[in-house]
Amino acid sequence: MIRQQVLLTEQMRTYAGFAGLLIAWELLARFAFGQLYILSPPTAIVMRIIEDLPLYSRALSATVSEALLGFILGNLAAIVLAVLVVTLPPIERLAQAIALVVFCLPLVATGPILRVIYGPGWGPQITLAALSVYYTTFVPLVVGLRAVPPSWLDLIASYGRGRLTAMTVVRARASLPYLIASLKIAAPAAFLGAIVGEFTGADRGIGVLSIQAMRSLDVDGTWALATIASAVAIIGYAVVGWAGQLLSIGAPPSLLVSPASKAPKVLWKKLFMAVAAPTLSCVVILLLWKISMDGLDLSRFFAKRPGDVWAYLVAGSQAAAHRSELFAALRETMGTTVLGYFAGLGLGAVLAAIFCMLPAVEKIASPVAIALRSIPIVATAPLLVLALGRGQLGMLGIVAIMIFFPTLVSCLHGLRQTPGQVIDYFDSFRAPPLTQLFLARVPAMLPSLFAAARMAVPMAVLAATVAEWLATGTGIGNLMALTNSTSNYNMLWSCVTILTLVSVAGYALVAMLERRVLSHFAPEQVI
Amino acid sequence: MTDKRIDQTPVSEIGPPKVEAWAVNKVFGYGDSSVQAVSDVELTLEPGTTTALVGPSGCGKSTLLRMVAGLETPTSGAIRIGGEEPHVVARKGRLSVAFQDPSLLPWRTAASNVALARRLAGLPKDPEKVQHLLSLVGLDGFENKRPAELSGGMRQRCAIARCLATDARLLLLDEPFGAVDEMTRRRLNLELPRVWEGQGTTTLLVTHSVTEAVLLSDRVIVMSHRPARVSADIAIDIERPRRASHLTSPKFLALVTQINTALGIIDEPEDDASRLEARA
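Residues numbered from 1 in each chain as written. Chains lettered and ligands numbered in written order. Predicted model: local features only at pLDDT ≥ 70, side-chain atom pairs only at ≥ 80, totals over all residues. Heavy atoms only, no water.

Draft legend 1. Layout of the overall build of chain A. Along chain A, the regular secondary structure elements total 21 helices and zero strands. Scored against the burial criterion, the 527 residues of chain A give a buried share of 53%. Expressed as a percentage of contacts within chain A between residues at least 6 apart in sequence, the contacts between residues at least 24 apart total 78%. A total of about 24,300 Å² of accessible surface is found on chain A, and carbon and sulfur atoms cover 72% of it. (Helix = DSSP H or I, 4+ residues; strand = E, 2+ residues; numbered from the N terminus. Buried < 20%, exposed > 50% of the residue type's maximum accessible area, 1.4 Å probe, protein only. Contact = heavy atoms within 4.5 Å. Areas by Shrake-Rupley, 256 points an atom, 1.4 Å probe, with all protein chains shown as cover.)

Below, the structure written as structure tokens:
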């Protein structure tokens, strides 16, 4: 009874939190920002949705279908790849490298390229939806398939059974919590991918309507569409979570930690891993790129090969001019992106720490944060452009907000991982809350913070390029938009290549820092 | 599941095997960081006997057992089970290992964890046998409980039942009662051997507990600390079945003292003990 009452009041607090938020929003919109074409009051948004329901529901059904197909395809690919990597360890590094490069492709530019390859239709949206889910499923799934007590594998081996049996009898079931947790993240991500695909030239869908609403300064419409997108994303997240609960699959201990692979002990193997493996991965990726373009017999006019990009940026007579144009745009983008990246990370971590110090606030804010985390921020970019303006500030805001929510949720999860005994120990000294925070909780939070920081690198690039593409008219995002409309596919492919390289390098940099820091604070996470 | 087992002779028609180890060495790691876990071990387990390996923690006794189970391969030397290599015997489902951690799959019920052993060994399903084994280890009425709903001792007994489900004639028990409290452990020590004694099995038991070693075995092998070598080989001639009353018999106590001395836990046998030993 008492337990039920406690649950009830907790729920009521959450509802009260949401209600308070809505009322504040309504008042702000009505009285403070009413004339600024920024904020629509919730009542106006609801009215708009009801008014345009037939239009919105047609668009929504298109976007949801694309997202659903992409969700299925992307996750299937991730599952197949993860199972392969775990059963055939030698291919792991290569598979990881390819997976990472595909994850780092700037979706904004991939969209138009896919558009010319596929022609009109749903192809690009579905592909982008698949691309935006598969990495966040692949990485945790590899961790989950591996996170099996060695004695279970010994049991299999003691009956003379091999990897295949270990996979079917033990690993597949043991990794289910990881799979469900990543599918939860994948549901909104697929929706986001589909919308980004629509931004770059589809004929219908929520993304198309959003851009139209933004361009015509239709504030209520933009808000209505962002609300619909957010609601669908949250519903997707909740449906997968509910399915997991129905199957009584618990939560995994920690998500998105880097899949540990055994570091080699012999010197020549170390050297091989440091030099040869990345080189091999590069060669294979370039080959895959060339072979897939050649194999599909795509026109060299829009489907550029590695050689074309090399000629355009390095070998050709105009290469220097092309390079300086591209890198000038890149510099412009990177300044704001890096700033937004750190702002989002810092804000997420600090707010998580504050929530941790004020449990009463956390109870209200945490569910709100989890709900907002599943909003595809990029899908609401048109809204943020309206709110923050078309300048660098708007772009900074989009990047920061995009990274802020996942970081906040991840850090809150990490802070909760502090072992109870450690807290008891600090309590036994009546240690002040701040001491406890810095000595006990923050170290426990670090693995989650770094996991978020790593995954945030490509997200930051995506957010920045979307903002530039849609609004600011600066940087490499704008350059890609321009080259797309002028059919300068050499430049477009070069931008994609360079941006992918930048993302991979950023990711590797964070991963390196992660190893350094975690080998000190959480050695069990680094193998 | 298709069965590609090499040998289809029913396991029940095969007697307990003889286990032989010749000059077995095991080195972990490379170069400077290498560790010699097992050094020049010569060992013969006679068919149908129970042998206990005791020794200080980290002395390599578990490594030796894992090599017999085919889970590790010796760096040099050889191990044969009834003349065959361990991994071959394992593939035929003719050896059974009980691990220190009961290693039950948490999503399977007690009964389906036991049944899993038969599936892994490529044997046909046999629900009656599973039921029989579960009641033998005192888990009647818990067949459909998952490991999380069982106590530590129950989980351990379930693991023993699983170990017996394939009628393997070679049981390799790696600290099977290590994670159980002292009282439960003593009870399991007395109850469980009856379950497998009747079947005619060769058993190798790794344990920290000298009392447990004496209580369960026909022979106790004492191993020295790193690298693991055989430092004493003591026959236990106490009649079976062993009972709680044996625990306080002079012969039992003398053997315990002898083993403790070999382990270096007791410096010199005290007068009483050595007299008891002489009488034994």
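Continuing now.
Draft legend 2. Just the interface of chain B and chain A, in detail. Each partner contributes residues to the interface: chain B has 26 residues there, and chain A has 17 residues. Buried surface at the junction of chain B and chain A, both sides included, amounts to about 2,000 Å², of which 66% is carbon and sulfur. Connecting chain B to chain A are one salt bridge. For R66(B), the salt bridge goes to D154(A), with nearest N and O atoms at 2.5 Å. Counting across the chain B and chain A interface gives four residue pairs in polar contact (both at pLDDT 80 or more). Going through the elements one at a time, α2 (86-91), β5 (95-98) and α3 (110-120) of chain B are the ones with two or more residues in the side of chain B that touches chain A. Residues belonging to the side of chain B that touches chain A are distributed by class as follows: 15 nonpolar, four polar and seven charged. (Buried area = accessible area lost by both parts, 1.4 Å probe. Salt bridge = Lys/Arg side-chain N within 4 Å of Asp/Glu carboxyl O. Polar contact = N/O pair within 3.5 Å; in protein donor to acceptor, adjacent residues only side chain to side chain. Nonpolar A, V, L, I, M, F, W, Y, C, P; charged D, E, K, R; others polar.)

Draft legend 3. Region of the structure containing the pairing of strand β8 (residues 219-223) of chain B. Residue and element names in this part refer to chain B. Of all five residues in β8, four are buried, a share of seventy percent or more. Bridge count between strand β3 (residues 50-54) and β8: four bridges; the pairing is parallel. Bridge pairing in β8 links L53 to I221. As paired strands, β8 and strand β9 (residues 230-235) are joined by five bridges and run antiparallel to one another. For I221, the partnering residue across the bridge sits in β9 and is D233. (Pairing = 2+ DSSP bridges.)

Draft legend 4. Highlighting a nonpolar patch on the surface. Residue and element names in this part refer to chain A. Taken together, the side chains of V350, I354, M357, L358, V361, L434, F438 and L439 make up a nonpolar region of the molecular surface, amounting to roughly 720 Å² of accessible area. Those elements that place two or more of their residues in the nonpolar patch are α14 (319-357) and α19 (433-472). Summarising the element assignment, I354 is placed in helix α14. Classification of I354 as partly exposed rests on a relative accessible area of 38%. (Patch = residues over 30% accessible without salt bridge, like charges linked within 9 Å, V, L, I, M, F, W, Y side chains within 5 Å.)

Draft legend 5. Quick look at the pairing of strand β2 (residues 35-45) of chain B. Residue and element names in this part refer to chain B. Taken together, the seven bridges between strand β1 (residues 19-28) and β2 define a ladder with antiparallel strand orientation. The residue bridging V19 from the neighbouring strand is L45, located in β2. The hairpin formed by β1 and β2 contains six residues between the paired strands, and G29 there has a positive phi angle of roughly 80°.

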